[in-house]
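# Descriptive structure summary
One letter stands for each residue in the lines below.
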Amino acid sequence: MAEKISRVPVREQDPARRATNFEEVCYGYDREEALLEASRCLNCKNPRCVAACPVGVRIPEFIAALHRGDEAAAAAVLARDSSLPSLCGRVCPQETQCEGACILGIKGEPVAIGKLERFVGDWKLAQEPATAELPPRNGHRVAVVGSGPAGLACASDLAKMGYEVKIFEALHKVGGVLVYGIPEFRLPKEQIVAREIDQVRRLGVEIETDVVVGRTVTIDALLDREGYDAVFIGSGAGLPRFMGIPGENLNGVVSANEFLTRANLMRAYDETYDTPIYVGKRVVVVGGGNVAMDAVRTARRLGAEATIVYRRSEKELPARAEEVHHAKEEGIRFRMLTNPVEVLGTDDGWVRGMRCVEMELGEPDASGRRSPVAKEGSEFEIECDVAIMALGTSPNPLLAATTAGLATDRRGCITADAAGATSRPGVFAGGDAVTGAATVILAMGAGRTAAKAIDEYIRNK
Amino acid sequence: MYPILEKRCLAEGIWLMKIRAPRVARAALPGQFVIVRTDERGERIPLTIADFDAVEGSVTIVTQAIGVSTRKICALEAGEALADFAGPLGHPSEFVGMPMEELRSRRYIFIGGGVGTAPVYPQVKWLREHGVEVDVIIGAKNRQMLIYTDEMRAVADHLYIATDDGSEGFKGLVTQLLEKLIAEGRHYDECVAIGPMVMMKFVALTTKKYALKTTVSLNALMVDGTGMCGACRVSVGGRTRFTCVDGPEFDAHEVDFDEAMRRQGMYRTQEQRAAALAAEREAGHRCKIGLDK
């Protein structure tokens with residue numbers, strides 16, 4: 001009977017309205033909807049969804065608990081594998097992970113695992129915080145560099161094991177990419193991110209902002225002078241890439257990181273904040289990932305006519321399907337198989353357009369995707385006054401440059417084994433700093449794995 | 001929060017503030033900068049460090065009230081505090097890492113223009129403390145706008161002053177004074193210039209004639225100051241560099257100053273708009289010409 005109910009639709013803010021505000025797009029399920037959707041899960045013996053989850057969340061188990069109406073039990077199941085369910089429910093690419101593997105998806109619609117996870121995560125956040133039962137402090141101290149998903153997850157787990165943990169954050173606000181990168185309309189800052197961080201603080205984790213590790217204090221100083229037994233690096237991949245085409249330093253060309261940091265971290269869209277943001281009338285965002293979608297939808301909300309330019313076809317867009325769908329609903333234009341070759345400027349140095357070429361898909365490249373090739377003689381111009389480059393990011397070289405004996409690979413990523421151990425004893429790393437830009441859930445998973453390795457390292461010291 | 005230990009007016013609209021920031025003070029070296037934020041709604045503003053005292057745990061900044069945010073910084077009083085004070089950021093000056101013997105054989109000329117004179121001070125002081133003799137040129141519009149003359153006199157071998165109107169020292173531009181010194185037979189191995197972008201541009205053009213190696217400290221626009229945003233992109237020797245993590249000091253003869261000046265103006269109209277709005281708010285009435293729309 002379970003199969004007969006179709007996937008419970010989720011309520012969303014009206015596209016025309018939300019294209020003018022920064023409130024969350026998706027309202028999520030209410031209790032009735034969540035319980036009904038939970039009833040669709042077949043509770044498979046060999047759950048393919050669990051195998052497809054990067055951290056192996058026991059999905060059928062939490063859904064079964066929810067189906068019984070026992071949110072607390074569902075939250076407890078989630079907590080065993082995920083420290084940030086409210087976040088992952090919102091930002092995980094479910095269609096290529098759990099939901100992509102769901103058996104119901106073969107003939108119909110998969111169970112809305114993400115929305116259910118979000119429901120349980122939000123339920124947990126809304127509860128009166130249980131006075132955390134913490135084990136007695138074990139007398140050892142661990143420093144965590146960066147307060148993004150990897151750092152928060154690592155710090156929580158270590159605190160629960162009895163370690164005294166301090167997170168050092170370079171920016172003035174805690175949360176890393178959750179606050180500077182992902183926009184409010186996808187991940188509410190006060191309601192969700194701040195509360196998740198509160199939970200980490202409640203475990204006794206201390207957070208010091210305005211500390212740029214590598215400059216304000218080095219990892220060596222943390223270990224030798226400040227008495228930390230180990231350090232976890234979860235500093236992310238924050239360095240924006242540019243295309244290296246002519247005209248890229250014109251006024252009006254910005255990285256998606258800059259555009260989003262101004263909007264999200266600095267709240268430039270709110271006139272009571274001092275940080276300016278330049279939006280122009282026509283914005284072109286180059287790239288096809290989640291960051292490109294975030295930037296183009298932010299530009300739209302700030303009143304611009306906004307277009308995505310991507311060199312492959314729609315099928316290859318790396319962004320979550322839901323974000324692409326939402327972007328289209330909001331009136332974003334998509335110009336696929338298009339690649340900029342030059343940013344065009346006015347006489348006084350401002351962007352006036354982009355010279356592009358049409359692309360076609362050739363042989364599959366190293367990533368398995370068909371690589372785009374420029375069509376001979378297909379050059380054309382697109383008019384725009386702002387060009388946003390969303391071409392990916394790489395790890396900041398600062399930590400590797402200022403820490404003796406910390407190995408990195410050719411892309412500047414910190415070299416770490418599966419447990420998170422780096423080339424430097426006592427120094428562990430995980431998340432985007434190791435893998436290059438990836439997902440919140442992978443970073444969280446890496447932070448938790450490293451916490452176990454740090455515990456083992458300190459015990460055997 | 002970072003308490004303001006001391007506040008002093010150096011010239012009209014130019015304020016010195018000593019900030020309690022022990023971590024920054026301990027790590028700071030000449031040439032580096034900090035990111036300052038006054039309050040929850042404030043901008044992140046990069047300021048080059050004007051002095052630091054690791055023992056006292058203090059860092060000195062000098063700010064000229066020109067935009068909304070610098071005005072906000074200057075409006076704070078001793079006893080109040082800055083919301084954020086992150087640093088030290090960027091690379092220290094190149095000479096900090098030079099072998100002492102080589103360094104002591106070199107003769108430096110520093111040029112400080114306007115508020116840019118302040119960040120020259122810790123460099124000259126550091127060199128003096130390490131036994132290197134340094135000459136300094138300070139330039140300002142007029143006598144009233146001169147800053148750091150006494151402090152600089154105490155650490156410089158020779159101090160020369162240039163004012164546009166001749167109200168003190170040499171009448172004319174710092175570049176003219178530099179050429180005069182060279183004509184008089186003074187020899188320098190390196191010039192370091194910090195000041196308005198246009199001054200640095202003309203210092204670079206002047207020293208190029210004499211093949212005098214010149215370093216400038218760029219005050220590009222920044223958001224985070226740690227390499228994340230790329231707002232501070234600058235072309236140096238035909239390559240794009242980030243002022244915050246690759247600089248802030250660069251070889252002046254390689255910098256594309258025209259581009260750098262243009263990029264500084266990226267948000268100017270908006271800033272002006274914001275300044276007008278702030279003035280309106282201060283005056284206590286709603287804007288009638290729609291600036292707040």
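Cut-offs applied
- Residues numbered from 1 in each chain as written.
- Chains lettered and ligands numbered in written order.
- Predicted model: local features only at pLDDT ≥ 70, side-chain atom pairs only at ≥ 80, totals over all residues.
- Heavy atoms only, no water.
- Helix = DSSP H or I, 4+ residues; strand = E, 2+ residues; numbered from the N terminus.
- Rg over C-alpha atoms; globule rule 2.2 N^0.38 Å.
- Contact = heavy atoms within 4.5 Å.
- Areas by Shrake-Rupley, 256 points an atom, 1.4 Å probe, with all protein chains shown as cover.
- Lys, Arg positive; Asp, Glu negative; His and termini not counted.
- Charge placed at Lys NZ, Arg CZ, Asp CG, Glu CD.
- Buried < 20%, exposed > 50% of the residue type's maximum accessible area, 1.4 Å probe, protein only.
- Polar contact = N/O pair within 3.5 Å; in protein donor to acceptor, adjacent residues only side chain to side chain.
- Phe/Tyr/Trp six-rings, centres within 6.5 Å; stacked < 30°, edge-to-face > 60°.
- Lys NZ or Arg CZ within 6 Å of the ring centre and 35° of its normal.
- Buried area = accessible area lost by both parts, 1.4 Å probe.
- Salt bridge = Lys/Arg side-chain N within 4 Å of Asp/Glu carboxyl O.
- Nonpolar A, V, L, I, M, F, W, Y, C, P; charged D, E, K, R; others polar.
- Core = buried A, V, L, I, M, F, W, Y, C linked by side-chain atoms within 4.5 Å.
- Axes fitted to C-alpha atoms, helices over the stretch in contact; angles between N-to-C directions.
- Parallel < 35°, antiparallel > 145°, perpendicular 65-115°, else oblique.
- Domains from an automatic or database assignment.
- Pairing = 2+ DSSP bridges.
- Right-handed = clockwise from strand over helix to strand, strands pointing away.

## Focus on the overall build of chain B
Per the secondary structure count, chain B includes ten helices and 17 strands. Relative to its length of 293 residues, chain B is compact, with a C-alpha radius of gyration of 19 Å against a globular reference of 19 Å. Across chain B, contacts joining residues at least 24 apart in sequence account for 64% of those joining residues at least 6 apart. With an accessible surface of roughly 12,300 Å², chain B has 51% of that area assigned to carbon and sulfur atoms. When the 37 positive and 39 negative side-chain charges of chain B are each reduced to one mean point, those points stand 5 Å apart.

## A short note on the side chain of arginine 297 of chain A
All names here are of chain A. By the element assignment, arginine 297 lies in helix α15 (residues 290–301). For arginine 297, a relative accessible area of 0% gives the class buried. In terms of polar contacts, arginine 297 uses its side chain to reach the side chain of glutamate 330, at 2.9 Å. Other than its neighbours up to four places away in sequence, arginine 297 contacts Val25, Phe185, Arg186, Glu323, His326, Ala327, Glu330 and Ile332.

## So, the packing of aromatic side chains
Tallying each qualifying case throughout the model produces twelve aromatic pairs over all chains. Seen in terms of ring centroids, tyrosine 108 of chain B and phenylalanine 110 of chain B are 6.0 Å apart; in terms of plane orientation they differ by 25°. Their pairing is stacked. Here tyrosine 108 of chain B matches phenylalanine 110 of chain B in class, with each residue buried. One aromatic cluster is present, formed by Phe95, Tyr108, Phe110 and Trp126 of chain B through successive ring pairs. Geometry around tyrosine 228 of chain A places arginine 141 of chain A over its ring, the cationic atom sitting 4.2 Å from the centre. It is arginine 301 of chain A that lies over the ring of phenylalanine 185 of chain A; its NZ or CZ is 3.8 Å from the centre.

## Points about the interface of chain A and chain B
At the interface, 46 residues of chain A touch 46 residues of chain B. Taken together, both faces of the contact between chain A and chain B bury some 3,900 Å²; the carbon and sulfur share is 48%. Per-residue buried area on chain A facing chain B is highest for Arg215, Asn249 and Asp274 of chain A; these three make up 20% of the total on that side. Summed over the shared surface of chain A and chain B, the result is three salt bridges. Inspection of the region where chain A meets chain B yields 27 residue pairs in polar contact (both at pLDDT 80 or more). Elements supplying a minimum of two residues to the side of chain A that touches chain B: β2 (164–168), β5 (239–240), β6 (253–255) and α14 (256–265) of chain A. The element best represented in the side of chain A that touches chain B is α14 of chain A, accounting for four residues. In the side of chain A that touches chain B, the residues fall into 19 nonpolar, 14 polar and 13 charged.

## Side note on the nonpolar core
Core analysis: the biggest nonpolar cluster contains 76 residues, and Ile59, Phe62, Leu116 and Ile454 of chain A have the highest contact counts within it. Here this core takes nine residues from helix α19 (residues 440–459) of chain A, the largest share from any one element. Residues Val62, Phe110, Met145 and Leu146 of chain B belong to the second largest nonpolar core, which totals 33 residues.

## A few points about the packing of helix α5 (residues 71–81) of chain A against helix α9 (residues 113–126) of chain A
A packed helix pair is summarised by two numbers, namely the angle formed by the two axes and the spacing between the axes. Residue and element names in this part refer to chain A. Put simply, α5 and α9 touch, their axes get as near as 9 Å, and they point 105° apart. Between α5 and α9, the crossing angle belongs to the class labelled roughly perpendicular. The residues of α9 that touch α5, namely those facing Glu71, Ala72, Ala74, Ala75 and Leu78, are Glu117, Phe119, Val120, Trp123 and Lys124. Taken together, the residues of the contact of α5 with α9 break down into seven nonpolar, no polar and three charged.

## A word on the domain arrangement of chain B
Residue and element names in this part refer to chain B. Parsing chain B into structural domains produces domain 1 (2–89) and domain 2 (94–264). Using only C-alpha atoms to locate each centre, domain 1 and domain 2 end up separated by 21 Å. Seen at the junction of domain 1 and domain 2, the total is one salt bridge. Taking the shortest distance from any N to any O, the salt bridge between lysine 125 and aspartate 51 comes out at 2.9 Å. At the boundary of domain 1 and domain 2, one finds three residue pairs in polar contact (both at pLDDT 80 or more). Mapped onto the side of domain 1 that touches domain 2, the elements with two or more residues apiece are β1 (2–11), β2 (14–20), β3 (33–37), β4 (45–48), β5 (51–53) and β6 (58–64). Residues belonging to the side of domain 1 that touches domain 2 are distributed by class as follows: 14 nonpolar, five polar and four charged.

## Topic: unusual backbone geometry
All names here are of chain B. In this structure, the amide linkage connecting glycine 87 to the following residue, proline 88, adopts the cis form with an omega of -5°. Mapped onto the elements of the fold, proline 88 is located in strand β8 (residues 84–89). Here the amide bond leading from glycine 247 into proline 248 is cis, since omega sits at 10°, within 30 degrees of zero. Here proline 248 shows up in the loop between α8 (243–246) and β17 (249–251).

## Notes on the sheet that holds strand β10 (residues 134–140) of chain B
Residues and elements named next belong to chain B. Read from one edge of the open sheet, seven strands run β12-β11-β10-β9-β13-β14-β17, paired in mixed fashion. Two strands in the sheet have a free side with no partner beyond their single neighbour: β12 (170–171) and β17. Pairing geometry for strand β11 (residues 158–163) and β12, over two bridges, is parallel. Within the sheet, the bridge partner assigned to alanine 162 lies in β12 and is phenylalanine 170.

## Overview of the environment of isoleucine 66 of chain B
Within the secondary structure, isoleucine 66 of chain B sits in the loop between β6 and α2 (68–75). The sequence separation of isoleucine 66 of chain B and isoleucine 161 of chain B amounts to 95 residues, and the corresponding C-alpha distance is 24 Å.

## Some words on the pairing of strand β13 (residues 380–383) of chain A
Residues and elements named next belong to chain A. Going residue by residue along β13, you find Phe380 and Ile382 tucked away on one face and Glu381 and Glu383 left uncovered on the opposite face. In the sheet, strand β11 (residues 351–364) pairs with β13 via four bridges, with the strands oriented antiparallel. Bridging from a neighbouring strand, glycine 353 pairs with glutamate 383 of β13.

## Side note on the pairing of strand β14 (residues 213–217) of chain B
Residue and element names in this part refer to chain B. Of all five residues making up β14, four are buried, and the element is well covered by its neighbours. Tracing the backbone out of strand β13 (residues 190–194), into helix α7 (residues 197–209) and back to the parallel element β14 gives a crossover that is right-handed. Bridge count for β14 against β17 is three bridges, and the pairing is antiparallel. Along β17, the bridge assignment pairs serine 217 with glutamate 249.

## Concerning the sheet that holds strand β16 (residues 427–429) of chain A
Residue and element names in this part refer to chain A. If you trace the five strands from one edge of the open sheet to the other, you get β3-β2-β1-β4-β16, paired in parallel fashion. Unpaired on one side and paired on the other, β3 (206–208) and β16 mark the two borders of the sheet. Taken over all neighbouring pairs, the strand axes of this sheet differ in orientation by 20° on average, direction set aside. Of the pairings in the sheet, the one linking strand β4 (residues 230–233) to β16 comprises three bridges and is parallel in character. Looking at the pairing, valine 231 lines up with valine 427 of β16. Across the sheet, helix α10 (residues 149–160) lies against β1 (141–145), β2 and β4, angled at about 165° from β2, the strand it touches most.

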